[in-house]
Amino acid sequence: MNTYSLAIILVIFASFFQGTFGLGMKYIAPLKWEAWWLIQSFVAMIAVPVIWAFIVIPDLCGVIAATDSNTFWTAALYGFLWGIGGILFGVSVEKTGISITYGIVMGLAASMGCIIPLFQIEGAFSQPSFPIILVGVLLLLVGVAITAVAAVKRDKLKSSNSNATNKSIKLGVLIAVASGVLSAFLNVGFSNAAPVAKIAVENYDVSTQNASLASWVVVLIGAFAMNGGYAIFRLIRNNTWSSFKVNNSKKAYMWAVVTGIFWFAALGVYGQGAALMGDLGPVIGWPILLGLALIISNFWAYRAGEWNNANGPFRILMGGLAILITAICILGYANY
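Residues numbered from 1 in each chain as written. Predicted model: local features only at pLDDT ≥ 70, side-chain atom pairs only at ≥ 80, totals over all residues. Heavy atoms only, no water.

Trainee: I'd like a description of the overall build of the protein chain, backed by residues and values.
Mentor: Of the regular secondary structure elements, the protein chain holds 13 helices and 0 strands. Moving toward the C terminus, one meets the helices and strands of the protein chain in the order α-α-α-α-α-α-α-α-α-α-α-α-α. In terms of its C-alpha atoms, the protein chain occupies a principal-axis envelope of roughly 60 × 50 × 35 Å. Total accessible area on the protein chain stands at roughly 15,300 Å², and carbon and sulfur atoms take up 66% of it. (Helix = DSSP H or I, 4+ residues; strand = E, 2+ residues; numbered from the N terminus. Areas by Shrake-Rupley, 256 points an atom, 1.4 Å probe, with all protein chains shown as cover.)

Following this line, the structure appears as structure tokens:
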């Protein structure tokens, strides 16, 4: 198996975790959201990445200490900005509903997370694959938009009331757009943290594949500062510390841990695949990851019966997923 084939397989494998980890969010009760989120965030953004990185990079502390401070803080800042995007996602859902929000955020996160790292590469416009990448990203946006339309039509078909008319749709859409742009910064941070991985490879004889984990550790320090900080703020404001001791919470704790493991498994495995793709790894791998994750998440939704008695919207969904698969194939070919 050649390196590029292995890279694509890793990204596909990562998309399974990315499209699946959200299932755990159905099991937050009886914990309060902020208590559950603090546990999940710590596992996902601190515990798992640091432990995994220490296993494959024995002198992880030495790698980070050798990192230029500008690189470190820039990558961490991008992680922090991504965290803001995640909080805005929840706000937008309350105003516009999950279907519209998810479509906007996924489309913008996939496209912006691809285009920004591409433009940061010197001579990006002269890259032979540049036109192919643009076609793939445009098709990806079309596919995401169609799946969002299908989800909206499904929700309207199943809804027996008109609560949507009471929502601040315009404001919610604006917030979703902001969330989508900020959500792209997770991949931008990973791309900008490449010098961290380079230090691990050149100074500590770590493989390119494993060195990518050092990059994630730096980015996710900023991500946890936002997510963990916001959860603690909610715990203080709502005085919900007692939620950690609530009865019958063992299942919620378990799912918080499992969700955190799956969340970083997606990023960790994706990072390894992107590293094997070379300079264009974050450009090619990120939209493939999110596009496949959208397909997988809809598969789980179908299994859960969310598309029952919605044949028309389901046919629209199938069309959108077909376009997503085409876009993913084009993006995969772009760096072949």
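Trainee: So what about a nonpolar patch on the surface? Which residues, and what values?
Mentor: There is a patch of nonpolar side chains on the surface, built from I232, I236 and W241 and spanning about 300 Å² of accessible area. With respect to the helices and strands, I232 occurs in helix α10 (residues 208-238). Judged by relative accessible area, I232 falls into the partly exposed class, the value being 34%. (Patch = residues over 30% accessible without salt bridge, like charges linked within 9 Å, V, L, I, M, F, W, Y side chains within 5 Å. Salt bridge = Lys/Arg side-chain N within 4 Å of Asp/Glu carboxyl O. Buried < 20%, exposed > 50% of the residue type's maximum accessible area, 1.4 Å probe, protein only.)

Trainee: Explain the pattern of salt bridges to me, using residue names and the numbers behind them.
Mentor: Inspection of every chain in the model, using the stated rule, returns 1 salt bridge. Linking E34 and R234 is a salt bridge whose minimum nitrogen-to-oxygen distance equals 3.3 Å. Here E34 is found in helix α2 (residues 33-56), whereas its partner R234 is found in helix α10, with 200 residues between them in sequence. Exposure remark for E34: the relative accessible area of 3% places this residue in the buried category.

Trainee: Describe the packing of aromatic side chains, naming the residues involved and giving the relevant values.
Mentor: The final tally for this structure, using the stated rule, is 23 aromatic pairs. Both rings, one in Y302 and one in F314, keep their centres 5.3 Å apart while their planes meet at 25°; by these two values the pair is stacked. Pair noted here: Y302 is in helix α12 (residues 281-303) and F314 is in helix α13 (residues 311-334), with a separation of 12 residues, a long-range link. We classify Y302 as partly exposed; its relative accessible area is 45%. Grouping aromatic residues by their ring pairs yields a cluster made of W33, W36, W37, Y230 and F233. In this structure, R154 is placed above the aromatic ring of W307, and the distance from its NZ or CZ to the ring centre is 4.5 Å. (Phe/Tyr/Trp six-rings, centres within 6.5 Å; stacked < 30°, edge-to-face > 60°. Lys NZ or Arg CZ within 6 Å of the ring centre and 35° of its normal.)

Trainee: Got a sec to walk through helix α9 (residues 194-204)? Specific residues and values, please.
Mentor: Residues V196, A197, I199 and A200 constitute the buried set of α9. Looking down the long axis of α9, one finds its buried residues gathered within 150° of arc, a one-sided arrangement. The positive-phi residue at the C-terminal boundary of α9 is D205, with phi of around 55°. (Arc of directions from axis to C-beta.)

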